[in-house]
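Report on the structure
This is what each chain is made of:
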Amino acid sequence: MAHIQGENRHQLFIRSMDEAIEKDNPVRFVDAFVDHLDLAQSGFAIAEVKIEGWPSFEARVFLKLYQ
């Protein structure tokens, strides 16, 4: 009696975001622009990190997503 064979799990090809986003895509400009902003000077309130629970995301991440 033969054993049941599992499915091939080598179906997913992981690529880096740099490979997935073209060099002339505007999202690259937004990423670089937000990285060079002084968020405190721009009026963003930087929250205190809690000791318990999951750490919060950096404000820059949400600003990049807002675009």
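Here is what the cut-offs are and how they apply
- Residues numbered from 1 in each chain as written.
- Predicted model: local features only at pLDDT ≥ 70, side-chain atom pairs only at ≥ 80, totals over all residues.
- Heavy atoms only, no water.
- Salt bridge = Lys/Arg side-chain N within 4 Å of Asp/Glu carboxyl O.
- Axes fitted to C-alpha atoms, helices over the stretch in contact; angles between N-to-C directions.
- Helix = DSSP H or I, 4+ residues; strand = E, 2+ residues; numbered from the N terminus.
- Left-handed = near helix turned anticlockwise from the far one by under 90°.
- Contact = heavy atoms within 4.5 Å.
- Nonpolar A, V, L, I, M, F, W, Y, C, P; charged D, E, K, R; others polar.

1. Some remarks on the pattern of salt bridges
- For the structure on display, the rule yields four salt bridges.
- Glu 58 is the salt-bridge partner of Arg 60, the closest N and O atoms lying 3.4 Å from each other.
- Within the structure, one salt-bridge network assembled from shared partners comprises Asp 31, Asp 35 and Lys 64.

2. What to know about the packing of helix α2 (residues 26-35) against helix α3 (residues 59-66)
- For the pair α2 and α3, interaxial distance at closest approach is 10 Å and the crossing angle is 145 degrees. Of the two possible hands of crossing, α2 and α3 adopt the one that is right-handed. Residues Val 30, Asp 31, Val 34 and Asp 35 of α2 form the contact with α3, whose participating residues are Arg 60, Leu 63 and Lys 64.
- Each residue belonging to the contact of α2 with α3 can be placed in one class, and the counts come to three nonpolar, no polar and four charged.

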